[in-house]
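Take a look at the letters that make up each chain.
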Amino acid sequence: MRSLFVIAMLLMVGSCRQKTETTTTEIEVVTETTGEAVTFDWLIGRWERANEEEGQATYEIWTTKGVRAYAGFGSTLENKDTRWQERMRLNMAQGYWVLAIQAPEDPEPVIFRMTQKTDTGFTCENPELEFPKSIQYRKSKGGFEATVSNEETEIAFEFRPADN
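Residues numbered from 1 in each chain as written. Predicted model: local features only at pLDDT ≥ 70, side-chain atom pairs only at ≥ 80, totals over all residues. Heavy atoms only, no water.

1. Observations regarding the nonpolar core
- Counting residues in hydrophobic clusters, the biggest one holds 22 residues, and the most contacted among them are Phe40, Leu43, Trp62, Leu90, Leu99, Phe122 and Tyr137.
- Mapped onto this core, the elements with two or more residues apiece are strand E4 (81–93), strand E5 (96–102), strand E6 (110–118), strand E7 (121–125), strand E8 (134–140) and strand E9 (143–149).
- For Phe40, the contacting residues outside a window of four places in its chain are Tyr70, Leu90, Trp97, Met114, Lys117 and Phe122. (Core = buried A, V, L, I, M, F, W, Y, C linked by side-chain atoms within 4.5 Å. Buried < 20%, exposed > 50% of the residue type's maximum accessible area, 1.4 Å probe, protein only. Helix = DSSP H or I, 4+ residues; strand = E, 2+ residues; numbered from the N terminus. Contact = heavy atoms within 4.5 Å.)

2. Concerning the sheet that holds E4
- If you walk around this closed barrel you meet the 10 strands as E1-E2-E3-E4-E5-E6-E7-E8-E9-E10, and the pairing is antiparallel. Strand-to-strand, the axes of this sheet are offset by a mean angle of 25 degrees, without reference to chain direction.
- Of the pairings in the sheet, the one linking strand E3 (residues 69–78) to E4 comprises 10 bridges and is antiparallel in character. By the bridge assignment for E4, Leu77 is matched with Thr82. (Pairing = 2+ DSSP bridges. Axes fitted to C-alpha atoms, helices over the stretch in contact; angles between N-to-C directions.)

3. Regarding the pairing of E7
- Within E7, 4 of the 5 residues are buried, which leaves it mostly tucked inside the rest of the structure.
- Pairing of E6 with E7, which is carried by 5 bridges, proceeds in the antiparallel orientation. When the bridges of E7 are listed, Thr118 appears paired with Gly121.
- Joining the antiparallel neighbours E6 and E7 is a turn of 2 residues.
- Bridge analysis of E7 against E8 gives 5 bridges, and the strand direction is antiparallel.

Read these as layout, nothing more, since geometry by itself doesn't imply function.
Here it is as C-alpha cells:
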C-alpha cells in the first residue's frame with residue numbers, strides 16, 4: 001500500500017514537471033531564435049508617419065546595434081517644437097526578444113516582451129500596463145505600420161521613408 005502511494009506521488013510530480021517544461025518550450029519557440037537568423041533590419045532607417053494630424057510630424061529612426069540589438073528614437077513635432085519623444089531598444093534579453101521604451105521623464109524603460117514573430121512583423125506585450133498593453137509592428141508596402149493598443153483603444157501609425 002505504501003509503495004502504491006509513493007508511485008502515485010512520483011507520477012504526480014513527474015506530470016507537473018512535464019507541464020512546466022512544455023510551457024517553457026512553447027514560449028521559447030515563439031520568442032527565441034531556432035537556429036535561423038532573426039532580423040528586424042526592415043526597421044532600419046528614418047521614417048515619417050504618413051497618417052499624422054495636420055500641423056504635426058512624427059518620426060522614428062532605427063539603427064542596428066550589433067547582431068541582436070536595434071535602437072530606435074521616436075519624436076513628434078508640432079510647429080517644429082518637440083512635443084513628445086522616446087528611446088526604444090529591440091534586443092535579446094535572457095533568451096527572449098524585448099522592446100524597451102523610455103521617455104525622458106521615465107526613470108527606467110518600460111519592457112514589452114515579444115509574444116509573436118513572423119517574417120512580416122512582431123507583437124510585444126506588457127499586460128501589467130493600462131496603456132498600451134500591446135505594441136505591434138508590421139511590414140507594409142513602402143514602409144511599416146505600428147499599432148499600440150489595449151482592450152478598449154487602438155492607435156495605428158503608418159510609417160513611410162522620411163524625405164531627409
